[in-house]
Amino acid sequence: MSDPEYLICLQCETPTYQFEYDANGKLMTVVCTTCGSDDPSEFMTEAELEEHSG
């Protein structure tokens, strides 16, 4: 699986492009430049968000 182009912040619903995955595909660091959130559990890919809400 390749890394997504962006992640969506669940706090403010803004896409962010500042994130890193480790070698096992786990999200390690992420920062929302709009609201400042940096908790990896507060971010989803667009596909995950659609699956979760739909």
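Residues numbered from 1 in each chain as written. Predicted model: local features only at pLDDT ≥ 70, side-chain atom pairs only at ≥ 80, totals over all residues. Heavy atoms only, no water.

Q: So what exactly am I meant to see when it comes to the overall build of the chain here?
A: Along the backbone of the chain there are one helix and five strands. Overall, the chain shows an N-to-C arrangement of helices and strands of β-β-β-β-β-α. In summary, the chain has a C-alpha radius of gyration of 11 Å against a globular reference of 10 Å for 54 residues, a match within 12%. Expressed as lengths along the three principal axes of its C-alpha atoms, the size of the chain is roughly 30 × 25 × 15 Å. Taken over 54 residues, the chain has a buried fraction of 26%. Partitioning the contacts of the chain with sequence separation of at least 6, the portion at a separation of at least 24 is 31%. In the form shown here, the chain has an accessible surface area of approximately 4,000 Å², with 45% of it arising from carbon and sulfur atoms. (Helix = DSSP H or I, 4+ residues; strand = E, 2+ residues; numbered from the N terminus. Rg over C-alpha atoms; globule rule 2.2 N^0.38 Å. Buried < 20%, exposed > 50% of the residue type's maximum accessible area, 1.4 Å probe, protein only. Contact = heavy atoms within 4.5 Å. Areas by Shrake-Rupley, 256 points an atom, 1.4 Å probe, with all protein chains shown as cover.)

Q: Sorry if this is basic, but what is going on with unusual backbone geometry here?
A: Where the residue is not glycine, phi is negative for most of them; where a peptide bond is considered, it is trans in most cases. Unlike most non-glycine residues, E13 shows phi in positive territory, near 60°. You can see E13 is positioned in the loop between β1 (7-9) and β2 (15-16).

Q: Is there a simple way to think about the packing of aromatic side chains in this case?
A: Each aromatic ring pair is summarised here by two numbers: the centre-to-centre distance and the angle between the ring planes. Counted according to the given criterion, the structure contains two aromatic pairs. Relative to Y17, the ring of Y6 lies with its centre 5.7 Å away and its plane at 55°, an arrangement referred to as tilted. Of this pair, Y6 sits in the segment before β1 while Y17 sits in the loop between β2 and β3 (19-21); the two residues are 11 residues apart in sequence, bridging distant segments of the chain. When the ring of F19 is compared with that of Y21, the centres are 5.9 Å apart and the planes differ by 90°; the resulting orientation is edge-to-face. (Phe/Tyr/Trp six-rings, centres within 6.5 Å; stacked < 30°, edge-to-face > 60°.)

Q: Just to check I follow, could you spell out the sheet that holds β1 for this structure?
A: Two modes of strand pairing occur in sheets, parallel and antiparallel, and in both the strands are linked by backbone hydrogen bonds. Spatially, β2-β1-β5 is the arrangement adopted by the three strands of the open sheet, whose pairing is antiparallel. With one partner strand each, in any of the chains shown, β2 and β5 (43-44) form the two edges of the open sheet. (Pairing = 2+ DSSP bridges.)

Q: Can you help me understand the environment of C12 in this one?
A: For C12, the location among the structural elements is in the loop between β1 and β2. Linking C12 and D22, residues 10 residues apart in sequence, is a C-alpha distance of 25 Å. If near-sequence neighbours (up to four positions away) are discounted, C12 is found in contact with C32, T34 and C35.

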